[in-house]
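# Working through the structure, step by step
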Amino acid sequence: LQALTGLFLQTEIVQMSLGSSASPEAVAALGSIQEAVEHASGELREVIRNVCPSPVGDRGLATSLESMLSDVCAASALEGHFENRTGGARLPAPVETILFRIAQEVLHQVAKHGKAHEVWMGLDRSPDRVPAWVRLSIRNDGRGQPSAPTLEDEPGATTLETIRDRLAMAGGSLQLASNPSGSTLEATIPLPRF
């Protein structure tokens, strides 16, 4: 963002230097560059907002997940369903962040590659069990195959590898089930570690 702001300021300096002697083409070109810089800055701010979502810290995981699911469904043809079975209690911040990121990655893949019509997301917690755990489950009715391809379509590090890495940081586990009628992902994190 700082580099883009600097670029924008440089175009203003060029514009002032040219003054009234500038050709209409040069003025139009500078205007186009400035519009492109402003557009790129706006898109970058949106990416930053999505990468560093404050709502998780402000609103909690369940509310943030429900909102994210609603946003993804509004931007796609998906119909979403959310069920919070955590009792409304907040989870440790690292757990909330990890599960939010996992949901973000999976929903992106389902919307982009899954050919799904519906997606169900659930958040469960077992404070009465030892060890206590929290589980995020995401199920969709899209194309399902044993290898869960909707999680492995990205080049480089697959979404599945990223999810496993995130869970490993928290001592969590991942379960995948896939068949021709859809796929289910369950990410479970033990709570005593936090």
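Details of the structure are given in the entry above.
From a predicted model like this one, the values you see are computed outputs, not experimental measurements. Numbering of residues starts from 1 in every chain and runs along the sequence as written. Only residues with pLDDT of at least 70 are given local features in this predicted model, and only at 80 or more are side-chain atom pairs given and counted; all residues enter the totals for whole chains, interfaces and linings. Each side-chain value is worked out from all heavy atoms of the structure, with water and hydrogens disregarded.

## As for the side chain of Ser 183
Secondary-structure assignment places Ser 183 in strand β5 (residues 182–190). Counted as a polar contact is a pair of N or O atoms within 3.5 Å, where, for protein atoms, one must be capable of donating a hydrogen and the other of accepting one, and residues adjacent in sequence contribute only when both atoms are in side chains. Here the side chain of Ser 183 touches Ser 178 through a polar contact of 3.0 Å, side chain to side chain. Here a helix means four or more residues in a row that DSSP labels H or I, a strand means two or more in a row labelled E, and each is numbered from the N terminus.

## Examining the side chain of Thr 86
Relative to the elements of secondary structure, Thr 86 occurs in the loop between β1 (79–85) and α5 (93–113). On the basis of relative accessible area, Thr 86 is assigned to the buried category, the value being 11%. Among the polar contacts made by the side chain of Thr 86, one reaches the side chain of Asn 84 at a distance of 2.6 Å. For Thr 86, the residues in contact, after removing those within four places along its chain, are Leu 123, Asp 124 and Arg 125. Burial classes: relative accessible area under 20% of the type maximum marks a residue as buried, over 50% as exposed, and values in between as partly exposed (1.4 Å probe, protein chains only). A contact between two residues is defined here by any heavy atoms of the two lying within 4.5 Å.

## Points about the nonpolar core
As used in this record, nonpolar core signifies buried Ala, Val, Leu, Ile, Met, Phe, Trp, Tyr and Cys residues forming a set joined through side-chain atoms within 4.5 Å. Leu 65, Leu 99, Ile 102 and Leu 136 are the most contacted members of the largest nonpolar core, which totals 36 residues. Tallying contributions element by element places α5 first for this core, with nine residues. Aside from chain neighbours lying at most four places away, what touches Leu 65 is Phe 82, Leu 99, Phe 100, Ala 103, Met 121, Leu 123 and Leu 136.

## Details of the pattern of salt bridges
We define a salt bridge as a contact between a side-chain nitrogen of Lys or Arg and a carboxyl oxygen of Asp or Glu at a distance within 4 Å. This structure, assessed with the given rule, holds five salt bridges. Asp 124 is the salt-bridge partner of Arg 85, the closest N and O atoms lying 2.3 Å from each other. Here Arg 85, found in strand β1, pairs with Asp 124, found in strand β2 (residues 118–125); they are 39 residues apart in sequence, far enough to count as distant. Between Arg 166 and Glu 105 there is a salt bridge, with its nearest N and O atoms 2.9 Å apart. Of this pair, Arg 166 sits in helix α6 (residues 159–169) while Glu 105 sits in helix α5; the two residues are 61 residues apart in sequence, bridging distant segments of the chain. Here Arg 166 falls in the partly exposed class, since its relative accessible area comes to 22%. One continuous salt-bridge network, built from bridges that share partners, spans Glu 83, Arg 85 and Asp 124.

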